[in-house]
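Given next are the chains, with one letter for each unit.
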Amino acid sequence: MTISVKSLSFSYGASPTLREITVDVAEPGQVTAVIGPNAAGKSTFFKCLAGLLVPTGDVMLSGCALAEMPRYMVTEQVCYLPQDTAINAILTVFEAVLLAHKQAATWRIADEDLASVSEVLCKLEIEDLALRYLNELSGGQRQMVSIAQALVRSPSILLMDEPTSALDLQHQLEVLDLVQEETRSRGIATVIAMHDLNLAARFADRFVCLKSGKVHAAGLPAEVLTPATLYEVYGVHANVTLDSTGTPHVVPLRSARKIARTAA
Amino acid sequence: MEAANTVNSNLHKGREVYRAITRRKVITLSVLTTALIFSVLLDISLGPASLSLAGVFQAIVRPGTVDVASRVIVWDIRMPIALMAVVVGGGLAIAGAEMQTILNNPLASPFTLGISAAASFGASLAIVLGIGVIPVAGAFLVSANAFAFAMLASLLIYFLSRLRGVTTETVILLGIALVFTFTSMLSFLQFIATEQALQEVVFWTLGSLLKASWTKIGIAVVVIGGVIPFMTRQAWALTALRLGDEKARSLGVNVARLRIQILLMVSLIASVAVAFVGTIGFIGLVGPHVARMLVGEDQRYFLPTAGVAGALLLSVTSIISKSIIPGVIFPVGIITSLVGVPFFLSIILSHRREVW
């Protein structure tokens, strides 16, 4: 299932957060990284893609307008992992993942439900947390549980808002490896918001770069991650080199704002 | 072959873990239910005319085989009181549990949201001025007024919570404002009341199970029993709500509609509960916390455990209210906090993990 947007705008109050965005976001088997500075509108963009906010313009899922699809169908196809993982529910990890798998649908728990939950916990190597309560976990462990909740739903479109922000380096690599593998093997269209540009370049097939609620650039990582774009979007001077696989590597040098302040 | 083995292994592990989780909850619920049955029998056996537990059991199961006096004491006097404690305790705890869930606040309960205060004012209006807002007479005037004002407070919260920009925190603050408003108006009524009416008002607001009757139990059971199936149907959605609004919405839960539906249901339960027995403050707050600490927040277990825990707390309170001074029955509203606080603290202090 592909996901794209046409003339998408959204406003919380008087000033618009998203302005006339038209872009092909992701295709099946593809990981798209959404990057941009703080307050660029990334989280709002994700909520619009998930159907949690009602924007003007269209979010299209394989050519069908999301707004016209029944809610249950959207829930089945689109999985949104919010940025905030501060959960204080007294639920075990197993129950929390099972809950996501059942999607609040029914009381009956079948064998395949239990197997699916167990499988995803094994894949993420958190099966030893199964009986622990969510409110006893560290921020990183909670984020792993949230990722398990997303993967167990086997969605067609996976939207993850900064899913690795609380993880250490090893877990970041392992989780993104797994997300990439699942995306390829199950033909999921995955969209991830990330601040770590080098990590994003390593795992994403495409980039969408937002600035002030607009798409500043979109395309292959090497096309988007250029010194000029980084200066225009983030206000930093940076060197960008390509490794042997053609993956860009960003080395930030200094903040343009700081240079201007020093000069003044 | 290897894939099949992996699937079997995952299924085996999944079953083991799920069994371990559910076994503990089922055992906890069974122990609480057994304790409740024992408590109810003990409650019925205690009083000026002392009856043995075996005698009580016989009078309940085979009433024709015991003497008339024992039968009348058990069936007409003590059983309505003992069962009213179960129905009201269970109802208040369930109402508190769902209020805490939908408002995402550990302090939410029928008492803190002003529903009990509104009921007290309604009852006092009938007692002091003889004003009834629902055209019923006789024995039900006070209860009907209490119910009407409790529902009025609930509906006020309901409509204000639907206003744009009103958060769950605002609803709690609104409840506190209602508590102060109705308490002030109640004080005014007490100030102008005659000595006899004042005594009656004070007795009502203390909360007493002595007002119980089979008719009142029947009404409470029909209302509370009628609402609970609707709540149990929403068990998964309510559990998902505890993962946060955004996650619940992404799981397909219509969060706004669920909140409103459940708020209306718990208002109905709380209004009926306080209308018949007066203000009993502690059960609706503590019952849910006890349940949460014992079985967690999977609503399939949390809801019944909260109900049984609330019923048990009020039943034990009823026993204590008869046992302090032989021949004197203290209003349960006085005893609930005295019994509940040490019990609650012991559970909190024995649990090292964070409970909210």
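Conventions and cut-offs
- Residues numbered from 1 in each chain as written.
- Chains lettered and ligands numbered in written order.
- Predicted model: local features only at pLDDT ≥ 70, side-chain atom pairs only at ≥ 80, totals over all residues.
- Heavy atoms only, no water.
- Helix = DSSP H or I, 4+ residues; strand = E, 2+ residues; numbered from the N terminus.
- Rg over C-alpha atoms; globule rule 2.2 N^0.38 Å.
- Buried < 20%, exposed > 50% of the residue type's maximum accessible area, 1.4 Å probe, protein only.
- Contact = heavy atoms within 4.5 Å.
- Areas by Shrake-Rupley, 256 points an atom, 1.4 Å probe, with all protein chains shown as cover.
- Lys, Arg positive; Asp, Glu negative; His and termini not counted.
- Charge placed at Lys NZ, Arg CZ, Asp CG, Glu CD.
- Pairing = 2+ DSSP bridges.
- Axes fitted to C-alpha atoms, helices over the stretch in contact; angles between N-to-C directions.
- Core = buried A, V, L, I, M, F, W, Y, C linked by side-chain atoms within 4.5 Å.
- Salt bridge = Lys/Arg side-chain N within 4 Å of Asp/Glu carboxyl O.
- Buried area = accessible area lost by both parts, 1.4 Å probe.
- Polar contact = N/O pair within 3.5 Å; in protein donor to acceptor, adjacent residues only side chain to side chain.
- Nonpolar A, V, L, I, M, F, W, Y, C, P; charged D, E, K, R; others polar.
- Phe/Tyr/Trp six-rings, centres within 6.5 Å; stacked < 30°, edge-to-face > 60°.
- Patch = residues over 30% accessible without salt bridge, like charges linked within 9 Å, V, L, I, M, F, W, Y side chains within 5 Å.
- Expected span 1.5 Å × (residues − 1).

K.L.:
Could you clarify how one ought to interpret the overall build of chain A in this entry?
P.N.:
Broken down by element type, chain A carries ten helices and twelve strands. At 19 Å, chain A has a C-alpha radius of gyration in line with the 18 Å of a compact globule built from 264 residues. Its C-alpha atoms give chain A principal-axis dimensions of about 65 × 40 × 35 Å. Across the 264 residues of chain A, 55% fall into the buried class. Here the analysis covers contacts within chain A between residues at least 6 apart in sequence; of these, 63% occur between residues at least 24 apart.

K.L.:
Just checking my understanding: could you explain the overall build of chain B for this structure?
P.N.:
For chain B, the count of helices and strands is 14 helices and zero strands. Starting at the N terminus, the α and β elements of chain B follow one another as α-α-α-α-α-α-α-α-α-α-α-α-α-α. Across its three principal directions, the C-alpha atoms of chain B cover 80 × 60 × 35 Å. Here chain B, with 356 residues, has 53% of them falling under the buried criterion. Summarising the internal contacts of chain B: among those between residues at least 6 apart in sequence, 73% fall at separations of at least 24. Of the accessible surface of chain B, which amounts to about 15400 Å², a share of 69% is contributed by carbon and sulfur atoms. When the 24 positive and 14 negative side-chain charges of chain B are each reduced to one mean point, those points stand 6 Å apart.

K.L.:
What am I meant to see in the sheet that holds strand β1 (residues 3-11) of chain A here?
P.N.:
Residues and elements named next belong to chain A. Pairing is antiparallel across the open sheet formed by four strands, whose spatial order is β2-β1-β4-β5. The open sheet is flanked by β2 (16-26) and β5 (64-65), the only strands paired with a single partner. On top of the sheet, helix α1 (residues 42-49) reaches β1, β2 and β4 (56-61); it is set at about 60° to β2, its chief contact.

K.L.:
Could you clarify how one ought to interpret the nonpolar core in this entry?
P.N.:
Burial of nonpolar side chains together is a common tendency in soluble globular proteins. With 145 residues, the main nonpolar core has A:F94, A:V97, A:L121, A:L124, A:L134, A:F207 and B:M231 as its most contacted residues. Considering every element that reaches this core, the biggest residue donor is helix α11 (residues 255-277) of chain B, with 15 residues. In terms of nonpolar packing, the next biggest core, distinct from the first, is built from 32 residues, A:V23, A:A26, A:V34 and A:L53 among them.

K.L.:
Is there a simple way to think about the pattern of salt bridges in this case?
P.N.:
When the charged atoms of two side chains lie near each other, side chains of opposite charge can form a pair. By the definition in use, this model includes 14 salt bridges over all chains. Among the salt bridges present, the one from A:R132 reaches A:E136, with a minimum N-O distance of 3.6 Å. A salt bridge links B:D245 to B:R259; its shortest N-O distance comes to 3.1 Å. Taken together, the positions of B:D245 in helix α10 (residues 245-250) and B:R259 in helix α11 put the pair 14 residues apart, joining distant regions of the chain.

K.L.:
Just checking my understanding: could you explain the interface of chain B and chain A for this structure?
P.N.:
Reports often express the size of an interface as the amount of accessible area lost when the parts come together. Facing 37 residues of chain B, the contacting portion of chain A comprises 40 residues. Summed over both sides, the interface of chain B with chain A buries roughly 3500 Å², with 63% coming from carbon and sulfur. We note a salt bridge from B:E246 to A:K47, for which the minimum N-O separation is 2.7 Å. Linking chain B with chain A are ten residue pairs in polar contact (both at pLDDT 80 or more). Looking at the side of chain B that touches chain A, the elements that each hand over two or more residues are α1 (2-45), α8 (214-233), α9 (235-241) and α10 of chain B. Take the side of chain B that touches chain A: its biggest share by element is eleven residues, from α1(B). Classifying every residue of the side of chain B that touches chain A by side-chain character gives 14 nonpolar, eight polar and 15 charged.

K.L.:
Would you mind going over the sheet that holds strand β7 (residues 157-161) of chain A with me for this structure?
P.N.:
The strands that make up a sheet pair up through hydrogen bonds in the backbone, lying either parallel or antiparallel. Residue and element names in this part refer to chain A. Within the open sheet, the six strands sit side by side as β6-β7-β8-β3-β9-β10. Their pairing is mixed. Each end of this open sheet is capped by a strand with a single partner; those strands are β6 (78-81) and β10 (214-219). Pairs of neighbouring strands in the sheet enclose a mean axial angle of 15°, with direction left out of account. In this sheet, strand β8 (residues 189-193) lies alongside β7 in parallel orientation, the contact comprising five bridges.

K.L.:
In this structure, what is going on with the packing of aromatic side chains? I would like to understand it.
P.N.:
What describes a pair of aromatic rings is the distance from one ring centre to the other and the angle between the planes of the rings. For the structure shown, the criterion picks out five aromatic pairs over all chains. Their ring planes at 40° and their centres at 6.4 Å tell us that A:F94 and B:Y18 sit as a pair that is tilted. Placement of the pair is A:F94 in helix α3 (residues 93-102) and B:Y18 in helix α1, with the two residues belonging to separate chains. Neither A:F94 nor B:Y18 differs from the other in exposure class; each is buried. Members of the aromatic cluster, joined through ring pairs, are B:F121, B:F149 and B:F182.

K.L.:
I tried to follow a negative patch on the surface on my own but got confused; where do I start?
P.N.:
A surface patch of negative charge is lined by A:E125, A:E127, A:D128, A:D168, A:E174, A:D177 and A:E181. Within the fold, A:D128 resides in the loop between α4 (111-123) and α5 (139-151).

K.L.:
How should I be thinking about a nonpolar patch on the surface in this particular structure?
P.N.:
Residues and elements named next belong to chain B. Where nonpolar side chains cluster on the molecular surface, the patch consists of L129, I131, F188, F191 and I192 and spans about 550 Å² of accessible area. Sort the elements by how many residues they give to the nonpolar patch and helix α6 (residues 168-192) lands first, with three residues. For L129, the location among the structural elements is in helix α4 (residues 115-129).

K.L.:
Got a minute to help me understand α4(A) in this structure?
P.N.:
Helical geometry: 3.6 residues make up each α-helical turn, so side chains three or four residues apart lie on a common side. If you check α4(A), its first and last C-alpha atoms are 18 Å apart, about what 13 residues at 1.5 Å a residue would give, namely 18 Å. Residue A:E125 follows α4(A) closely and has a positive phi angle near 55°.

K.L.:
Help me understand the environment of B:L32, please; the structure alone is not making it clear to me.
P.N.:
Within the secondary structure, B:L32 is located in helix α1. Residues in contact with B:L32, not counting those within four places in the same chain, are B:L294, B:T305, B:V308 and B:L312.

Any functional reading would require information beyond the geometric quantities listed.
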